[in-house]
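Observations on chain architecture
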2 protein chains.
Amino acid sequence: MSQKLVLAIDAMGGDAAPAMPVAGCDLASERFPFVEFLLFGDEAALAPLVAKSKYLGARARIVHTPDVVSGDMKPSVALRAGRKSSMRLAIDAVKDGLSAGVVSAGNTGALMAMAKIGLRMLPGIDRPAIASFFPTSRGESVMLDLGANVECDANNLVQFALMGEVFARHVLGLPNPSVGLLNVGSEDMKGHEELRAAAAILRDTHLPIRFHGFVEGDDVPAGTVDVVVTDGFTGNVALKIAEGTAKLYSGFLKGAFASSFLAKIGYVFAKSALAKVRLRTDPRRYNGAMFVGVNGIVVKSHGGTDALGFANAVGVAIDMVTHGFNDKIKAELAHIGTPVEPPAQAAAAAG
Amino acid sequence: MSQKLVLAIDAMGGDAAPAMPVAGCDLASERFPFVEFLLFGDEAALAPLVAKSKYLGARARIVHTPDVVSGDMKPSVALRAGRKSSMRLAIDAVKDGLSAGVVSAGNTGALMAMAKIGLRMLPGIDRPAIASFFPTSRGESVMLDLGANVECDANNLVQFALMGEVFARHVLGLPNPSVGLLNVGSEDMKGHEELRAAAAILRDTHLPIRFHGFVEGDDVPAGTVDVVVTDGFTGNVALKIAEGTAKLYSGFLKGAFASSFLAKIGYVFAKSALAKVRLRTDPRRYNGAMFVGVNGIVVKSHGGTDALGFANAVGVAIDMVTHGFNDKIKAELAHIGTPVEPPAQAAAAAG
């Protein structure tokens, strides 16, 4: 951990860029003094921000980039028009070995498209997935895919399961993480054909995975399994429903504490205990979605987060780098060979 | 409302049947004195429960049925083996005009299969959907499908949108309810082909629907639209994730209030305000999922609920009956004709 580590930052991505990413890197500099930052963006805008930062000055280098990928740009347009953008050149720094990973709060679709093109996929992985932590009653779980792939076949889901398991074992440090497939029931015959085929592969092969079977929506916050695998459509809806429900609940609570004189007094007494709940459910704490499956460490921060949230996303990238996440996946896949049965067999096993 | 209304009750369905459904009908009897109950189930078990009930005695009639559909019975098995079951005969009472609707806390898949076979579909509706209320920051929304159909095509989604709109207008009493399709982004090109095709139909035709467009997961608890339309897989996961997240959050809170002496004092002061939040988010309050699209009023109660939850499900059935929900749908469909474009046109419109 005392070794130097270089991260590339897309300093122009996010609602409040470049001030927010620079402030986030400043916070991260305090927390991770062994990290150096390559800040990609408009030099004229970045230089004064870095100059007035507290810790970042000595540890940041600005790389001027003339273009910015906007939040509403289609991925295909961003690929063509964004060759000189802060996002693309930050990714290229990873490809060229100048940086160990990249963090961006910019356009998710564009970042994914550029990461796929710029870094390519890990050998044995067909599609990337977006993975993130999820608070549960037992601690936290990893869930993927949260939106990279609207549709997934059985092999994609099996590869996500493998990558999620490696993540939970090596980055979260769980000795024998359990893996579940998100479905509408726990019985074998439930759900889409792709899910049943993926379950058959995960159950029957020689994969070094503790496969729990199907889990349902309420199992995710309950923490029934350490790794929740799903397609990007379901995962994206699930993540946003959970965030929205937490917000709804906390709005109800705020209203309750403001609703009477007695309740206001109650709030004063319970304040520090409630602050711990707020801390534990703070979305900034879970900021930093990992693009797994691409041949390089790429972390996407929420576009609307603040410096603290961005610093957490930087922390996620550092965790993935220091634990050699991608090397572990490569080693795992080299060890077990192709984990996927031919589709015909998989379908037969499921039927 | 002073008219007599007869409801059929599957008194043997649910984890704590028959005691729970009978106690639920007793509670409902107090609330809805104009309702008479046909209790289908084991007479020997039901008679003493009814005898010791507070309000139900004079308003219930027991119809003895020898068989019970178990919770883990496959729908196909239940259809064959359950012809003399409390569930099936309660449904048949609706078909035969002896009852205005049926409520069951039993096996969901079996209830749906029996409702489809026993009652058939409404003219113009291809598939039934499970609909329920959802608490939002603006009040409550209706969401469907919550699990009847793992896969849905564009026409199914359009029919769900129509039925949900009629429900929100006539049963919830909203003058001009808005309808949204659940997706992973609000832009036109997002999501599955079926979703884009359904959106094209809802946007372009002469349907009397205020179509908002696509909504995302966090729009559901935010109450962005009054009716949220989705396929049964996504809807089921969404519902259970929301329930699980609310439970997680309330567990965190309980822990916080127990964590220190000061917090315990705070709880005492805030207790009555917090009780209101608990009431507002009480899952029993939202108990009672409607099977829309079948030609009869069918309400499914949560199997693990208590008497209060079951009474709420009975209330949902009464609301649907008194507002003539199915007649309103029939009238709407007769008025607008077939709302669905041929698939080729729909696909072209979406592309």
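See the structure printed just above.
Looking only at helices and strands, chain A features 13 helices and 11 strands. In terms of overall dimensions, chain A is globule-like: its C-alpha atoms have a radius of gyration of 21 Å, near the 20 Å expected for 351 residues. Taking all 351 residues of chain A together, the buried fraction comes to 56%. Residue pairs at least 24 apart in sequence account for 72% of intrachain contacts in chain A once pairs closer than 6 positions are excluded. As displayed, chain A offers around 14100 Å² of accessible surface, 54% of which is attributable to carbon and sulfur atoms. With 34 positive and 34 negative side-chain charges, chain A shows a separation of 7 Å between the mean positions of the two kinds.

Right, let's talk about the packing of helix α1 (residues 19–31) of chain B against helix α11 (residues 307–322) of chain B for a bit. All names here are of chain B. Two numbers describe how α1 lies on α11: the axes approach to 7 Å, and their chain directions differ by 60°. Regarding the angle of α1 to α11, the classification is oblique. Like other packed secondary-structure pairs, α1 and α11 cross with a definite hand, here right-handed. Residue-level contacts link M20, P21, A23, G24, C25, L27, A28 and R31 of α1 to A307, L308, F310, A311, N312 and V314 of α11.

Right, let's get into the relation of the copies chain B and chain A. Taken together, a rotation about one axis and a shift along it account for how the two chain copies relate. Expressed as a screw transformation, the operator carrying chain B onto chain A has a rotation angle of 180° and an axial translation of 0.0 Å, and the superposed copies differ by an RMSD of 0.0 Å. Look at the turn and shift together and you get a two-fold axis relating the two. Within chain B, the C-alpha atom positioned nearest to the axis of rotation is that of G266(B), 1.9 Å from it. By residue overlap, the copies meet face to face through one surface: 100% of the interface positions of chain B are interface positions in chain A.

We now examine the packing of aromatic side chains. Going through the model one piece at a time under the given rule, you end up with 10 aromatic pairs over all chains. Consider the rings of Y249(A) and Y249(B), whose centres lie 4.8 Å apart with planes at 40°: the pair is tilted. Highlighted residues: Y249(A) in helix α9 (residues 232–257) and Y249(B) in helix α9 (residues 232–257), drawn from two different chains. Overall, the relative accessible area of 9% leaves Y249(A) in the buried class. Ring centres 6.3 Å apart and planes at 80° place the aromatic pair F32(B) and F34(B) in the edge-to-face group. For the pair F32(B) and F34(B), one class covers both residues: buried. Of the aromatic side chains, those joined through ring pairs into one cluster are F133(A), F167(A) and F325(A). The ring of F214(A) carries the charged tip of R203(A) above its face, separated from the ring centre by 6.0 Å.

A few words now on the interface of chain B and chain A. Tallying the contact residues gives 49 residues for chain B and 49 residues for chain A. Summing both sides of the interface, chain B and chain A together bury roughly 4600 Å²; the carbon and sulfur share of this comes to 80%. Taken as a group, F233(B), Y249(B) and F252(B) account for 16% of the area that chain B buries against chain A, more than any other trio of residues on that side. One can count 2 salt bridges joining chain B with chain A. The tally of links between chain B and chain A comes to 2 residue pairs in polar contact (both at pLDDT 80 or more). Where the side of chain B that touches chain A is concerned, the elements lending two or more residues are β5 (129–136), α8 (219–222), α9 and α10 (261–281) of chain B. The dominant element in the side of chain B that touches chain A, judged by the number of residues it contributes, is α9(B), at 19 residues. Grouping the amino acids of the side of chain B that touches chain A by side-chain chemistry returns 28 nonpolar, 15 polar and 6 charged.

By size, the foremost hydrophobic cluster in this structure holds 212 residues, and its most contacted members are F37(A), L181(A), F37(B), L39(B) and L181(B). With near-sequence residues (within four places) excluded, L181(A) lies in contact with L157(A), L195(A), A198(A), A199(A), L202(A), F211(A), G213(A), F214(A), V215(A) and V229(A). Among the nonpolar cores identified, the runner-up in size contains 11 residues, and Y249(A), L253(A), F257(A) and A246(B) belong to it.

About the thresholds
- Residues numbered from 1 in each chain as written.
- Chains lettered and ligands numbered in written order.
- Predicted model: local features only at pLDDT ≥ 70, side-chain atom pairs only at ≥ 80, totals over all residues.
- Heavy atoms only, no water.
- Helix = DSSP H or I, 4+ residues; strand = E, 2+ residues; numbered from the N terminus.
- Rg over C-alpha atoms; globule rule 2.2 N^0.38 Å.
- Buried < 20%, exposed > 50% of the residue type's maximum accessible area, 1.4 Å probe, protein only.
- Contact = heavy atoms within 4.5 Å.
- Areas by Shrake-Rupley, 256 points an atom, 1.4 Å probe, with all protein chains shown as cover.
- Lys, Arg positive; Asp, Glu negative; His and termini not counted.
- Charge placed at Lys NZ, Arg CZ, Asp CG, Glu CD.
- Axes fitted to C-alpha atoms, helices over the stretch in contact; angles between N-to-C directions.
- Parallel < 35°, antiparallel > 145°, perpendicular 65-115°, else oblique.
- Left-handed = near helix turned anticlockwise from the far one by under 90°.
- Least-squares fit on C-alpha atoms with pLDDT ≥ 70 in both.
- Phe/Tyr/Trp six-rings, centres within 6.5 Å; stacked < 30°, edge-to-face > 60°.
- Lys NZ or Arg CZ within 6 Å of the ring centre and 35° of its normal.
- Buried area = accessible area lost by both parts, 1.4 Å probe.
- Salt bridge = Lys/Arg side-chain N within 4 Å of Asp/Glu carboxyl O.
- Polar contact = N/O pair within 3.5 Å; in protein donor to acceptor, adjacent residues only side chain to side chain.
- Nonpolar A, V, L, I, M, F, W, Y, C, P; charged D, E, K, R; others polar.
- Core = buried A, V, L, I, M, F, W, Y, C linked by side-chain atoms within 4.5 Å.

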